[in-house]
Amino acid sequence: MKLICKQSDLANALNIVQKAISSKTTLPILTGVLLEARNGTLKLTGNDLSIGIEKSIEANTIEEGITVVSSRIFGDFVRKLPNSDVEIIMEDNKLSIQCMKSHIDLVTYDAIEYPELPKVDESNAFSINKQLFKNMIRQTIFATSQDETRPILTGSYFEIANQEMTMVAIDGFRVAIRKAQLNTPIETKIVIPAKTLSEINKILGSSDDNEHINIFVTDKNILFKIDDIKIVSRLLEGEYVKYSQMIPNEFKTTIEINTADLLNGIERVSLLAKEGKNNSIKLSIKDNTLEISSIVEIGMANDEIPLKLEGNTLDIGFNPKYLIDVLKVIDSEVIYMEFLANISPCIIKPQNNDNYTYLVLPVRIPNN
């Protein structure tokens, strides 16, 4: 192998594929990045057996070849190089990297031992606007579970039916549901690991609104194509929670309130709530005011936000994190909050938008 490429292209590609390289693996070769020089390109691959990422860059491939090199050392060295041409030469089991006056030699692994990415049939395919997909991830992924004893909830449920795509995340305390119209005849129900969606969210970055991501689905794997990047991920197996049965269809209290005002008020009061044993806040809904309060051993805090009320007054408690998380991702200036009782779930929706629904369970507060 012998090639020349730009330092900026190589560093950018490494930043992307390293998202699929685990530092905790028991297989040393999986700590490496696969380098393959062919036909004027250098393809880099990272793979931790649950997610694999490929990225290709332009290169002057003087001699074709393939090898695996330590991802951490190679990546750190390349990122610290000057913005100039990088020469990479493979001889025997040694990879030499040269850029201007900087040089390093690294021992390599045998590429034959590197696991191939799963093959994904590309017939079952659809595309979606990058910015829309990024928003769907952003508005749901925070509600996926961190509890490995229920692996199915560590991913997001992904359903396409009747030209509508639904993404759902549940962690046992809250449910986030985001829908979007999709021009495709495909119908599917899968669960994608949250880690995969998180890495895709980072890769998408600030994508142009008019660009699309291509997605290919099989029974066990899913493939995302973003420009010259390929991301292959395993799917989670098992039956997902019947989330639609969790959404109440009856309410006795509905409020309309400014999103930013509510977020700021909760964040202020939660500064004190974090010092308490239960880390909870109390919402007192009155005729034209929402009072947010917290009383703990070292003091008390309260804030008031104007609202429009339909129905009954109510006192209800919440873990403030579960409200702050959703208020940070809702794009609407105004939201609706719907309640049945102080022991029943609360539903939060953006004003004039039926594509997003958030359910959060209350906590008990003193003197209910």
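Residues numbered from 1 in each chain as written. Predicted model: local features only at pLDDT ≥ 70, side-chain atom pairs only at ≥ 80, totals over all residues. Heavy atoms only, no water.

A. Looking closely at the pairing of strand β26 (residues 356-360). Of all five residues making up β26, five are buried, and the element is well covered by its neighbours. Every second residue of β26 is oriented toward a common face, with Tyr356, Tyr358 and Val360 on one face and Thr357 and Leu359 on the other, all of them buried. Two elements, strand β13 (residues 174-181) and β26, share five bridges in a ladder whose sense is antiparallel. Across the sheet, the residue bridging to arginine 174 is valine 360, located in β26. As paired strands, strand β25 (residues 346-350) and β26 are joined by three bridges and run antiparallel to one another. Each residue of the ladder has a partner; that of cysteine 346, found in β26, is valine 360. The turn joining β25 and β26, which pair antiparallel and follow one another in sequence, is formed by five residues; a positive phi near 60° is taken by asparagine 352. (Buried < 20%, exposed > 50% of the residue type's maximum accessible area, 1.4 Å probe, protein only. Helix = DSSP H or I, 4+ residues; strand = E, 2+ residues; numbered from the N terminus. Pairing = 2+ DSSP bridges.)

B. Inspection of the environment of methionine 136 at higher detail. Along the chain, the position of methionine 136 falls in helix α3 (residues 130-138). Take methionine 136: its relative accessible area is 0%, and that puts it in the buried class. Taking the C-alpha atoms as reference points, methionine 136 and tyrosine 356, separated by 220 residues in sequence, lie 9.2 Å from one another. Leave out the neighbours within four places in its chain, and methionine 136 touches Ile128, Met165, Met167, Arg178, Lys179 and Ala180. (Contact = heavy atoms within 4.5 Å.)

C. View of the sheet that holds strand β23 (residues 314-318). Taken in spatial order, the four strands make up an open sheet running β21-β20-β19-β23, and their pairing is antiparallel. Only two strands of the sheet have a single partner each, and these edge strands are β21 (299-306) and β23. Taking the axes of each pair of neighbouring strands and ignoring which way they run, one obtains an average angle of 20° across the sheet. Direction of pairing for strand β20 (residues 289-296) relative to β21: antiparallel, over a ladder of eight bridges. Bridge pairing in β21 places isoleucine 292 opposite aspartate 303. (Axes fitted to C-alpha atoms, helices over the stretch in contact; angles between N-to-C directions.)

D. Layout of unusual backbone geometry. Despite not being glycine, leucine 49 has its phi angle at roughly 80°, a positive value. By the secondary structure assignment, leucine 49 is in the loop between β3 (41-47) and β4 (51-58). A positive phi is found at methionine 100, a non-glycine position, where the angle reads about 50°. Along the chain, methionine 100 turns up in the loop between β8 (94-99) and β9 (102-109). Judged by its relative accessible area of 57%, methionine 100 is exposed.

E. How the structure looks around the environment of glutamate 63. Positionally, glutamate 63 belongs in strand β5 (residues 60-63). When its relative accessible area of 45% is taken as the criterion, glutamate 63 is described as partly exposed.

F. Focus on the sheet that holds strand β24 (residues 334-339). Pairing is antiparallel across the open sheet formed by nine strands, whose spatial order is β14-β11-β12-β13-β26-β25-β24-β18-β22. Because the sheet does not close on itself, it has two edges, and the strands there are β14 (188-193) and β22 (308-311). If you compare each strand with its neighbour and ignore which way they point, the axes differ by 15° on average. Contacts from helix α5 (residues 259-273) reach β18 (253-258) and β24 within the one sheet, and its direction differs from that of β18 by about 90°. On the sheet, helix α6 (residues 320-327) packs against β13, β24, β25 and β26 and is oriented at approximately 170° with respect to β26.

G. Looking closely at helix α2 (residues 71-79). Looking at α2, one finds that the buried residues are Ser71, Phe74, Gly75, Phe77 and Val78. Along the long axis of α2, the arc covered by the buried residues comes to 165°, so they all point the same way. Considering only its buried residues, α2 is in contact with α1 (7-17), β2 (32-38), β6 (65-70), β7 (85-91), β8 and β9. (Arc of directions from axis to C-beta.)

H. Just α3, in detail. Of the positions making up α3, those classed as buried are Lys130, Phe133, Lys134, Asn135, Met136 and Ile137. For α3, the side-chain oxygen to backbone nitrogen distance between the N-cap and glutamine 131 is 2.9 Å, and the N-cap itself is asparagine 129. (Polar contact = N/O pair within 3.5 Å; in protein donor to acceptor, adjacent residues only side chain to side chain.)

I. Local environment of the packing of α3 against helix α4 (residues 194-204). The N-to-C vectors of α3 and α4 enclose an angle of 140°; their axes lie 10 Å apart at closest approach. The pairing of α3 with α4 is recorded here as oblique in orientation. For the element pair α3 and α4, the recorded crossing hand is left-handed. Only Leu197, Ile200, Asn201 and Leu204 of α4 make contact with α3, whose side of the interface consists of Lys130, Phe133, Lys134 and Ile137. (Parallel < 35°, antiparallel > 145°, perpendicular 65-115°, else oblique. Left-handed = near helix turned anticlockwise from the far one by under 90°.)

J. Broad picture of the pattern of salt bridges. Counted by the stated rule, this structure contains 23 salt bridges. Notably, a salt bridge pairs lysine 94 with aspartate 105, separated by 3.9 Å at the nearest N-O pair. Residue lysine 94 is found in strand β8, and its partner aspartate 105 is found in strand β9; the two are separated by eleven residues along the sequence. By relative accessible area, lysine 94 is classed as partly exposed at 34%. (Salt bridge = Lys/Arg side-chain N within 4 Å of Asp/Glu carboxyl O.)

Everything listed here is a matter of geometry and, on its own, says nothing about what the molecule does.
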